[in-house]
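One letter stands for each residue in the lines below.
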Amino acid sequence: APRAAGAAVAPGTVEAPPSVDFVAGGAADVATPAFEVDPAVLKTLGHDTLAVLARHFGQLGDLPVKPACSPGDFARRFPIAPPSEPTEFGELLERFEKDVLPGVTHWQHPRFMAYYPSSSSVPAVLSETLIAALGAVGLQWSSSPVATELEVLVMDWLAKMLRLEGDFLHSSGRGGGLIQNTAGEAIANVMVSARVRKHRQLQPDLPWADAFHADSSRFVVYMSDQTHFSGPKACRVAGLRVRTIPARRTAGNFRLCVQDLERAIAEDKAAGLVPCALQLNYGSTNTCGLDDAGEFEAVAEREDLWVHVDAAYAGPAWALDRFAADAAGVARVATSVNVNGSKWFLCGFDTAFLWVRDRRLLTDVFSATDAFMAPQGDSIFSPEFKDWSVPLGRRFRSLRVWMVLEYFGTSGIKAFLERGIRQASWLRDRVDEHPALEQAVQTQLGLVVLQPASGSDVTAQDLAQRCQGAGFLVYPSEINGEAVLRVAFGGASTRADDVEALWREL
């Protein structure tokens, strides 16, 4: 009990401080959930949450893949002001099922075949809970040692699996990889670094700080017209010109030709411009076209270009033996490579892998620190990832990647990739056999691009609407002004009967 006011304290004793309640300025009668993570509460509510998810996945195939709604329909289900009083978590779960799930476009649905897939998995889902529970902030090695070391490890695992060895490994002591939020973020970091690199090449004596605001208006980045818009967007962020080169239809699909690149470079140099970087596609978004990186080795070396390969969707295919030659060309020529773990690799969103041949190309641009940061050396297992890209804080995404790789093994990942290719190949064969349909481009992986045969009174939009009416999510697109239908396989839930049902509609 607290002593009376003015009462003496016995010599040699330490008085216990009074109990202080910081809730609402000390109001002890405020009813609020515990702020700390209570193990018993976590266990109970966690069980309830997993039950909701299990119920959701159990009925996922029976749900509409996309809600029929208009903007604002779901916002109106929620109050316009934040709640002033606590809400029971069980009620939140009920409202999740009632007000949130009906508004979700289900990317994990077996009949989601739009865009490119976002393949999740049991270890990807559950590891996110572990990541959130730990709440680790990867500012630097000392802020969460295992987060940094596991990222080094899994990025080297992935590089070996995808045949990007040599300088792209952390263990080489030269380059390495890191996990980014998205491919667009990775490419933006690359283009900023490519700009600074070119300034250093042209002006070796340029003071370090001056390279960041030196005029780059003459620097040009080359890419084909099949490049995802995140490429030009990244160049805008970096203050670089973009020279878009029409891709040629070669071997049934679109790819950038080295002769066209050399012609564009010659024209730009004659106009006083400076070639800076080249972005190649391995699995372009619209048609899954594959640029042959090996063809650009000589021009890249002659012009001292930073060569970036965007393999966000198709990069995982390098794990398969029949794409080993493609991977070898990339490993030989590329300065940097990005691959998404969220599309066709079972890691879920957001997971984007970026490798560079020389880490100094990034650290020269993004290094920054302050007195409040812990001092540390830069070793193979303690890279300062904050110095490799814009963000300071980093989520513990390497835990998710590690758990996915351990859970499935490389053999399981390869089997998953092969399944998506088999599904797409089956549909390609059916299209080739049908007199009223044809492939708009020839593809090798999980994307099928088709269109009505010449002279048909059916349009690609008609095909899309018919499939959507049968519960599939597919979207039409365009190639050189002609309407086509894209069907993207690689979803973890898509089965043979879904592919056959899609074909019946087509």
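What counts as what
Residues numbered from 1 in each chain as written. Predicted model: local features only at pLDDT ≥ 70, side-chain atom pairs only at ≥ 80, totals over all residues. Heavy atoms only, no water. Salt bridge = Lys/Arg side-chain N within 4 Å of Asp/Glu carboxyl O. Helix = DSSP H or I, 4+ residues; strand = E, 2+ residues; numbered from the N terminus. Buried < 20%, exposed > 50% of the residue type's maximum accessible area, 1.4 Å probe, protein only. Pairing = 2+ DSSP bridges. Axes fitted to C-alpha atoms, helices over the stretch in contact; angles between N-to-C directions. Contact = heavy atoms within 4.5 Å. Phe/Tyr/Trp six-rings, centres within 6.5 Å; stacked < 30°, edge-to-face > 60°. Lys NZ or Arg CZ within 6 Å of the ring centre and 35° of its normal. Expected span 1.5 Å × (residues − 1). Bend = angle between axes of the 7 residues up to and from the residue.

K.L.:
Explain the pattern of salt bridges to me, please; I cannot follow it from the model alone.
P.N.:
Two side chains of opposite charge can pair, provided their charged atoms sit close to one another. Following the criterion strictly, the structure yields 29 salt bridges and no others. Between Glu91 and Arg95 there is a salt bridge; the shortest N-O distance is 3.8 Å. Placement of both Glu91 and Arg95 in helix α2 (residues 89–100) is noted, with a separation of four residues, approximately one turn of the helix. Taking the relative accessible area as the measure of exposure, Glu91 reaches 39% and is therefore partly exposed. Linked by salt bridges that have partners in common, Glu128, Asp350, Arg395, Arg397 and Arg400 make up one network.

K.L.:
Which parts of the structure should I look at to understand the environment of Asp62?
P.N.:
Positionally, Asp62 belongs in the loop between α1 (39–59) and α2. A relative accessible area of 70% places Asp62 in the exposed class. When the C-alpha positions of Asp62 and Gly471 are compared, they lie 9.3 Å apart, and in sequence the two are 409 residues distant.

K.L.:
I'm lost on the sheet that holds strand β13 (residues 482–488) in this one. Help?
P.N.:
The strands making up a sheet associate through hydrogen bonds between their backbones, and the pairing can be parallel or antiparallel. On the basis of which strands lie adjacent, the open sheet formed by four strands has the order β10-β11-β13-β12 and antiparallel pairing. With partners counted over all chains shown, the strands left at the sheet margins are β10 (437–439) and β12 (475–479), one partner each. Between one strand axis and the next, the sheet turns by 40° as a mean value, whatever way the strands run. With five bridges connecting them, β12 and β13 associate as antiparallel partners. Within β13, the position partnered with Pro476 by the bridge is Leu485. Relative to β13, helix α12 (residues 460–469) is tilted by about 30°, and along the sheet it contacts β10, β11 (447–452), β12 and β13.

K.L.:
Would you explain the packing of aromatic side chains in this entry?
P.N.:
Here a ring pair, both rings aromatic, is described through the centre-centre distance and the interplanar angle of the planes. Scanning the model with the defined rule gives 12 aromatic pairs in all. Their ring planes at 5° and their centres at 5.3 Å tell us that Trp107 and Tyr115 sit as a pair that is stacked. Overall, Trp107 belongs to the partly exposed group, its relative accessible area being 36%. A residue is classified by how much of its surface remains accessible, and Tyr115, at 42% relative accessible area, is partly exposed. Look at Tyr407 and Phe408: their rings are 4.9 Å apart centre to centre, the planes differ by 80°, and that puts the pair in the edge-to-face class. A relative accessible area of 52% means that Tyr407 is categorised as exposed. Every member of this aromatic cluster is reached through a ring pair, and the members are Trp107, Phe112, Tyr115 and Tyr475. Cation over ring: Arg200 sits above Phe212, and NZ or CZ is 5.9 Å from the ring centre. Here Arg486 stacks its cationic end above the ring of Tyr116, 5.0 Å away from the centre of that ring.

K.L.:
Explain helix α11 (residues 397–433) here, please?
P.N.:
Along its 37 residues, α11 runs just 44 Å from first to last C-alpha, ending more than 12% under the 54 Å computed at 1.5 Å per residue. At Gly409, α11 shows its maximal kink, close to 85°.

K.L.:
Could you clarify how one ought to interpret the sheet that holds strand β8 (residues 336–340) in this entry?
P.N.:
The mixed open sheet is built from seven strands, whose spatial order is β1-β9-β8-β7-β6-β2-β3. The sheet is open, and its two edges are formed by β1 (176–180) and β3 (241–245), each paired on a single side. Sheet twist, expressed as the average angle between the axes of neighbouring strands with direction ignored, equals 20°. Bridge analysis of strand β2 (residues 219–224) against strand β6 (residues 274–281) gives four bridges, and the strand direction is parallel. Pairing of Val221 across the sheet is with Ala277, part of β6. Those strands touched by helix α5 (residues 183–202) are β1, β2, β6, β7 (306–310), β8 and β9 (352–356), and its axis lies near 155° from that of β6.

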